[in-house]
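# Architecture and fold: a report
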Amino acid sequence: MRSIHELSTEEAYRLVTEHFGHSLPPLEAVENEDWGRDYVLQHFQRHSAAELAAAGLTWDAPPGS
C-alpha cells in the first residue's frame, strides 16, 4: 500500500483521471498552482477505503512521518 500523501501531483492526477475516471482540468493547469495538489487529492475522498486499497492506496501517513 502506498500513502496518498506520498504521491506527486502528476501521480495523483493520473490515478484520479485514469483509474477512477474523474474529469479534471489539464494537468498543466493544476500542477503549477498552490491549490492544485490539494484539488487533485480531494477527489480521492469520494472513494471508500476499499476502493482506494484496490488501487494500492491508503490515507494512512507514510512510515516515519
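Scroll up for the structure.
Report follows, based on the coordinates.

Rules used in this analysis
- Residues numbered from 1 in each chain as written.
- Predicted model: local features only at pLDDT ≥ 70, side-chain atom pairs only at ≥ 80, totals over all residues.
- Heavy atoms only, no water.
- Helix = DSSP H or I, 4+ residues; strand = E, 2+ residues; numbered from the N terminus.
- Rg over C-alpha atoms; globule rule 2.2 N^0.38 Å.
- Buried < 20%, exposed > 50% of the residue type's maximum accessible area, 1.4 Å probe, protein only.
- Contact = heavy atoms within 4.5 Å.
- Areas by Shrake-Rupley, 256 points an atom, 1.4 Å probe, with all protein chains shown as cover.
- Lys, Arg positive; Asp, Glu negative; His and termini not counted.
- Charge placed at Lys NZ, Arg CZ, Asp CG, Glu CD.
- Salt bridge = Lys/Arg side-chain N within 4 Å of Asp/Glu carboxyl O.

Moving on, we come to the overall build of the chain. Within the chain, the regular secondary structure consists of 4 helices and 2 strands. Going from the N terminus to the C terminus, the chain shows its helices and strands as β-α-α-α-α-β. Relative to its length of 65 residues, the chain is compact, with a C-alpha radius of gyration of 11 Å against a globular reference of 11 Å. The principal-axis extent of the C-alpha atoms belonging to the chain is close to 30 × 25 × 15 Å. Looking at the 65 residues of the chain, the share that counts as buried comes to 34%. Sequence separation of 24 or more characterises 62% of the internal contacts of the chain that already satisfy a separation of 6 or more. Carbon and sulfur atoms make up 47% of the accessible area of the chain, which totals about 4,100 Å². The averaged location of the 11 negative side-chain charges in the chain is 3 Å from the averaged location of its 4 positive side-chain charges.

Relative to the helices and strands, P63 resides in the segment after strand 2 (57–58). We classify P63 as exposed; its relative accessible area is 80%.

What follows concerns the environment of D38. With respect to the helices, strands and loops of the structure, D38 is situated in helix 3 (residues 36–42). Counting along the chain gives 29 residues from D38 to T9, while the straight-line C-alpha distance between them is 8.7 Å.

Another aspect to go through is the pattern of salt bridges. Considering all chains together, one arrives at 2 salt bridges under this definition. In this structure, E11 engages R2 in a salt bridge whose closest nitrogen and oxygen atoms are separated by 3.1 Å. Classification of E11 as partly exposed rests on a relative accessible area of 32%. Taking relative accessible area as the criterion, R2 reaches 32% and is therefore assigned partly exposed. Of the charged contacts in the structure, one is a salt bridge between E10 and R14, with a shortest N-O distance of 3.5 Å. A residue pair is termed a helical-turn pair when its members lie 3 or 4 positions apart in one helix, as E10 and R14 do in helix 1 (residues 9–19) at 4 residues. Judged by relative accessible area, E10 falls into the partly exposed class, the value being 39%. For R14, a relative accessible area of 35% gives the class partly exposed.

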